[in-house]
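Here is what each chain is made of, one letter per residue.
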Amino acid sequence: MMTFLTRLTGVVVILGLLGGCGSVATRTEQPVELPAEEPQVGVDTHYEATIERGPEYIDALRAEAAPPNPGVIEGKNERGDQRELASKGYVRIGNGRYAQADEDSVRDAIELGQRIGADQVWLYRHYREDERSGSPEQFLAAYYVRFKLLFGATFRNLTATERETLQLDGGVRIGSVVGNTPASQANLISGDYVIGLNGTVVVDRRQFQEMLGAEAGKPVTLRIIRNQQRMDRIVRLGAMPPPVKDR
């Protein structure tokens, strides 16, 4: 399958996070190699990018190669759809704006999504920028790409009972683990207790989140407790997303 860059040089797409796993003794992970940050290049007069990065940077981070044809969905609530997609790892890379949703505009919007390597194209045939201001109606196409997550698992603070049982002052407990993410590929499972990151004691959920963000794009060693046994897991964290401009 042809990649986004081989299909169209100088076009846009965004954030993907690469996961890895292994043990300290058997595998050494390398940081994510990112190309230089370059601005996007315009590809169509109807298109406006929402990601302030060029295609090489974006392709280095996206989860999978661009599909030959993006999925096309009729959207209902633009803001609500974006929130729902974000929870599933989709990032909005740009918009296509047209005066009206006639047959030609719909076809052009879908073809544009194919050219920029979008995974999904969401169509809003009667979109208004601001309903309260009486802004003119337009046809909006929202383009999304799916990316892997920074970590890929939920986690919470330890309860008083857990701290007492494990004889710990802090740490976090892993909840649900998303498949094909850094956490799952490092063989973390629900119920694991994380007590250290790169030799630093994990105090609570907030601190652990900050530590993950600070090490984005790098392999980290987590000290965990599973079935009352302590062990290390190497997690290759995904990179942080590039900034997204306001629509």
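Sequence positions are assigned chain by chain, starting from 1 and proceeding in written order. Totals for whole chains, interfaces and linings use every residue, but because this is a predicted model, local features are given only for residues with pLDDT of at least 70 and side-chain atom pairs only at 80 or more, for both listing and counting. Excluded from the side-chain calculations are hydrogens and water; all other atoms, namely the structure's heavy atoms, are used.

K.L.:
Any details on the pattern of salt bridges? Residues and values, ideally.
P.N.:
Put simply, a salt bridge is a Lys or Arg side-chain nitrogen that is within 4 Å of an Asp or Glu carboxyl oxygen. Here the structure, examined in full by the defined rule, presents 12 salt bridges. Between glutamate 48 and arginine 97 there is a salt bridge, with the nearest N and O atoms lying 2.7 Å from each other. Of this pair, glutamate 48 sits in strand S1 (residues 47–49) while arginine 97 sits in strand S3 (residues 90–98); the two residues are 49 residues apart in sequence, bridging distant segments of the chain. Residues glutamate 210 and arginine 206 are paired through a salt bridge, measuring 3.7 Å at the closest nitrogen-oxygen approach. Residue glutamate 210 and its partner arginine 206 are both found in helix H7 (residues 205–214); the two are separated by 4 residues, about one turn of the helix. Buried means the residue's accessible area, taken with a 1.4 Å probe over protein chains only, is under 20% of the maximum for its type, while exposed means over 50%, and partly exposed covers the values in between. Residue classification places arginine 206 among the exposed residues on the basis of a relative accessible area of 65%. A network of salt bridges, in which partner residues are shared, links Glu48, Arg97 and Glu129. Secondary structure elements follow DSSP: runs of H or I no shorter than four residues count as helices, runs of E no shorter than two count as strands, and numbering proceeds from the N terminus.

K.L.:
Outline the pairing of S3, listing residues and values.
P.N.:
Buried residues dominate S3, accounting for 9 of its 9 residues. Strands pair, by our definition, only if DSSP identifies at least two bridges between them. Where S1 and S3 come together, 3 bridges link them in antiparallel fashion. Of the residues in S3, the one forming a bridge with glutamate 48 is asparagine 95. Here S3 pairs with strand S5 (residues 138–146) via 8 bridges, running antiparallel.

K.L.:
Kindly report on the nonpolar core, identifying the contributing residues and their values.
P.N.:
Residues belong to a common nonpolar core when they are buried Ala, Val, Leu, Ile, Met, Phe, Trp, Tyr or Cys residues joined through side-chain atoms within 4.5 Å. By size, the foremost hydrophobic cluster in this structure holds 22 residues, and its most contacted members are Phe151, Val194, Leu197, Phe208, Leu212, Leu222 and Val235. For this core, the elements supplying multiple residues, two or more each, are strand S6 (153–157), strand S7 (172–177), strand S8 (193–197), H7, strand S10 (219–226) and strand S11 (229–236). Residues within four places of phenylalanine 151 in sequence aside, it is in contact with Ile174, Thr181, Pro182, Ala183, Leu188, Phe208, Leu212, Leu222, Val235 and Leu237. In this structure, Ile93, Ile116, Phe139 and Phe147 belong to the second largest nonpolar core, which totals 17 residues. Only heavy atoms matter for contacts: two residues are in contact if any of them lie within 4.5 Å across the pair.

K.L.:
Let's hear about the packing of aromatic side chains: which residues, and what values?
P.N.:
Only the six-membered ring of Trp is used, alongside the rings of Phe and Tyr, when aromatic pairs are assigned; centres must lie within 6.5 Å, and planes under 30 degrees apart are stacked while those over 60 apart are edge-to-face, with the rest tilted. What the rule picks out here adds up to 5 aromatic pairs. Ring geometry for tyrosine 47 and tyrosine 143: centres 5.9 Å apart, planes at 50°, overall tilted. Pair noted here: tyrosine 47 is in strand S1 and tyrosine 143 is in strand S5, with a separation of 96 residues, a long-range link. For the pair formed by tyrosine 47 and tyrosine 143, the shared burial category is buried. Consider the rings of phenylalanine 151 and phenylalanine 155, whose centres lie 6.0 Å apart with planes at 75°: the pair is edge-to-face. A residue is classified by how much of its surface remains accessible, and phenylalanine 155, at 9% relative accessible area, is buried. Among the aromatic residues, those joined into a cluster by ring pairs are Phe151, Phe155 and Phe208.

K.L.:
So, the environment of threonine 200: which residues are in play, and what are the values?
P.N.:
Along the chain, the position of threonine 200 falls in strand S9 (residues 200–201). When the C-alpha atoms of threonine 200 and threonine 221 are compared, they prove to be 9.9 Å apart, with 21 residues separating the residues in sequence. For threonine 200, the contacting residues outside a window of four places in its chain are Ile195, Gln207 and Met211.

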